[in-house]
Amino acid sequence: MSESRTDWPLWEVFVRGRRGLSHTHAGSLHAPDATMALRNARDLYTRRGEGVSLWVVPSTQITASSPDEKDPFFEPAADKPYRHPTFYEVPEGVQNL
Amino acid sequence: MTTTLPERDAAHDDARAAAFDAAVAAEERIEPRDWMPDAYRATLVRQIAQHAHSEIIGMQPEANWISRAPSLRRKAILLAKVQDEAGHGLYLYSAAETLGASRDELLDKLHTGRQKYSSIFNYPTLTWADVGAIGWLVDGAAITNQVPLCRCSYGPYARAMVRVCKEESFHQRQGYELLLALTRGTPAQRAMAQDAVDRWWWPSLMMFGPPDDESAHSAQSMAWKIKRHSNDELRQRFVDICVPQAESLGLTLPDPELRWNAERGHYDHGPIDWAEFKQVLQGNGPCNEQRIGQRRRAHEEGAWVRAAASAYADKHTAHQGAERNGAAA
């Protein structure tokens, strides 16, 4: 009875709110195929005109960094303050810099 | 989602538990792939599932009136509202799934009574005014409960609640407006509005759950920052909001002990009939069997639609595969 449902993959839904913005993750849903996923995503995540474009991606196709590795994984960025403009000293009164 | 755990050793576990506690204490959000205590996960699954089921079962009392709405305007509003409830259920099922629960398992638990839904939906919608009373009082109580959940420590639940709360405010306002239209109508319409409020007031107060000293899960949920305010605190907030709103409608709330307490700065209300609450929770409310029966029937009768969609998807995928192979050759 419900086995047809179990087979339906999970899709992640990304919505572009309006032109000029990038797609952002809105949530997820189950659907048998990409076409149905798009239709369901429209009904579920854009009932009030929240989007002008939708992406649906099978959840299994997303590769994520593991939270257990997060410290070493992102560590290289933590000790490089010279990548930020605020790292540099500029004399008072110098303009357009 | 299952993750393979590294070899368990006590120090490693302690470190992860400390990291979890620190994140909760620092008001950071816990995300699906983070380590979390088993009991935290189980509590969230139970609460989010119950919440999702409530949204889905909550479609029924109002759907009862879609075909009998008094105008096209009211019918369109009611259709949109009931569709929103379905959407809310789906956001919440998705949130529960990030914790490892499966959609089928959740539905199965609802259908077999192993997971509950809010007892409020076991009351019948006897007149059109009930649609207004549900919007104003039931959705009003739900909003009071849900706004603090937008800051819940579990990220996916909090995000689902932000979306739900945004949509929920239209629900409450349409209910209030519906009652206002009735109170400005004929004496019979006025009486119908008052009757609906009389019947829905007390069950709405019960929606906040048992009093603080009898609430089984409250203390731990507050410590985990799943829950931000106690049941009684939220109930009081709701009563304080409703009294002036009822006055504006020119309707009374069915509680002779309801009065302003200047010392506390809140309205006092009379005792809640917790025996009734327990009866409804145990399945002896006016509509328990009808609600679950209808849900099961809808699921069973929808089986062919799910089967057809799956069959179409399989055929389409096979066809596309053949085309691709053809092109490559």
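This text goes with the structure placed above it.
What comes next concerns the included structure. Residue numbering note: each chain is counted from 1, following its sequence as written. Working convention: letters from A go to chains and numbers from 1 go to ligands, in the order in which they are written. pLDDT decides what is reported in this predicted model: residues at 70 or higher carry local features, side-chain atom pairs at 80 or more are listed and counted, and totals for whole chains, interfaces and linings draw on all residues regardless. Note that water and hydrogens are dropped before the side-chain values are worked out from all heavy atoms of the structure.

1. Considering the overall build of chain B
What counts is decided by this rule: Secondary structure elements follow DSSP: runs of H or I no shorter than four residues count as helices, runs of E no shorter than two count as strands, and numbering proceeds from the N terminus. Only protein chains enter the area calculation, which uses a 1.4 Å probe; residues under 20% of their type maximum are buried, those over 50% are exposed, and those in between are partly exposed. Whether two residues are in contact is decided by their heavy atoms, any of which lying within 4.5 Å being enough. Every accessible area reported is derived by Shrake-Rupley at a probe size of 1.4 Å, with residue values counting cover from the shown protein chains alone. The sign given to each residue is positive for Lys and Arg and negative for Asp and Glu; His and the chain ends receive no count. Positions of charges follow a simple convention, taking NZ of Lys, CZ of Arg, CG of Asp or CD of Glu.
Across its full length, chain B carries 13 helices and 2 strands. Overall, chain B is about 80 × 55 × 35 Å in size when its C-alpha atoms are taken along their principal axes. By the burial criterion, 50% of the 329 residues in chain B qualify as buried. Considering only residue pairs separated by 6 or more positions, chain B has 77% of its internal contacts joining residues 24 or more positions apart. When the accessible surface of chain B is totalled, it reaches about 15,900 Å², and 56% of it is carbon and sulfur. With 38 positive and 43 negative side-chain charges, chain B shows a separation of 5 Å between the mean positions of the two kinds.

2. Considerations on the packing of aromatic side chains
What describes a pair of aromatic rings is the distance from one ring centre to the other and the angle between the planes of the rings. Residues and elements named next belong to chain B. Keep this limit in mind: For this analysis, a ring pair means two rings from Phe, Tyr or Trp (six-membered ring only for Trp) whose centres lie within 6.5 Å, classed as stacked if their planes differ by under 30 degrees, edge-to-face if by over 60, and tilted for the remaining angles. Charge over a ring is defined by NZ of Lys or CZ of Arg lying within 6 Å of the ring centre and within 35 degrees of the ring normal.
Per the stated rule, a full pass over the model turns up 15 aromatic pairs over all chains. Arranged with centres 5.8 Å apart and planes meeting at 70°, the rings of Trp136 and Tyr176 form a pair that is edge-to-face. A residue pair is termed long-range when its members are at least 10 positions apart, and Trp136 in helix α6 (residues 128–146) and Tyr176 in helix α7 (residues 155–183) qualify at 40 residues. Each member of the pair, Trp136 as well as Tyr176, is classed as buried. Through a chain of ring-to-ring contacts, the aromatic side chains of Phe20, Trp35, Tyr40 and Trp224 assemble into a single cluster. Between Arg68 and the ring centre of Trp65, over which it is positioned, the NZ or CZ distance is 4.6 Å. Here Arg163 stacks its cationic end above the ring of Tyr91, 5.5 Å away from the centre of that ring.

3. Quick word on the packing of helix α2 (residues 38–57) of chain B against helix α4 (residues 72–97) of chain B
Residues and elements named next belong to chain B. Put simply, the rule is: Helix axes are fitted only over the stretch in contact, all axes being lines through C-alpha atoms; the angle between N-to-C directions runs from 0 to 180 degrees. Throughout this description, any angle smaller than 35 degrees is read as roughly parallel, any larger than 145 degrees as roughly antiparallel, any in the 65 to 115 degree range as roughly perpendicular, and the remainder as oblique. The handedness criterion is simple: a crossing whose near helix is rotated anticlockwise from the far helix by less than a right angle is left-handed, and one whose near helix is rotated clockwise is right-handed. All residues other than Ala, Val, Leu, Ile, Met, Phe, Trp, Tyr, Cys, Pro, Asp, Glu, Lys and Arg, Gly among them, are scored as polar; the first ten of these are nonpolar and the last four charged.
In contact at an axis separation of 8 Å, α2 and α4 are set at 160° when each is read in the N-to-C sense. Comparing the axis directions of α2 and α4 gives the class roughly antiparallel. In this structure, α2 crosses over α4, and the sense of that crossing is left-handed. Counting all contacts with α2, which are made through Ile48, His51, Ala52, His53, Glu55 and Ile56, the residues of α4 involved are Glu85, Ala86, His88, Gly89, Leu92, Tyr93, Ala95 and Ala96. In terms of residue class, the contact of α2 with α4 is built from 8 nonpolar, 4 polar and 2 charged.

4. A closer look at the sheet that holds strand β2 (residues 23–30) of chain A
All names here are of chain A. The test is simple: Only strands that DSSP links by at least two bridges are regarded as paired with each other.
The 3 strands are arranged β2-β1-β3 in an open sheet whose pairing can be described as antiparallel. The open sheet is flanked by β2 and β3 (53–58), the only strands paired with a single partner. Pairwise comparison of adjacent strand axes, ignoring direction, gives a mean angle of 25° for this sheet. As paired strands, strand β1 (residues 10–16) and β3 are joined by 6 bridges and run antiparallel to one another. Along β3, the bridge assignment pairs Val15 with Leu54. Relative to the sheet, helix α2 (residues 34–45) contacts β1, β2 and β3, its axis offset from that of β2 by approximately 110°.

5. Some remarks on unusual backbone geometry
Residue and element names in this part refer to chain A. The phi dihedral of Asn96 is positive, around 55°, even though this residue is not glycine. For Asn96, the location among the structural elements is in the segment after α3 (70–78). Residue classification places Asn96 among the exposed positions, given a relative accessible area of 81%.

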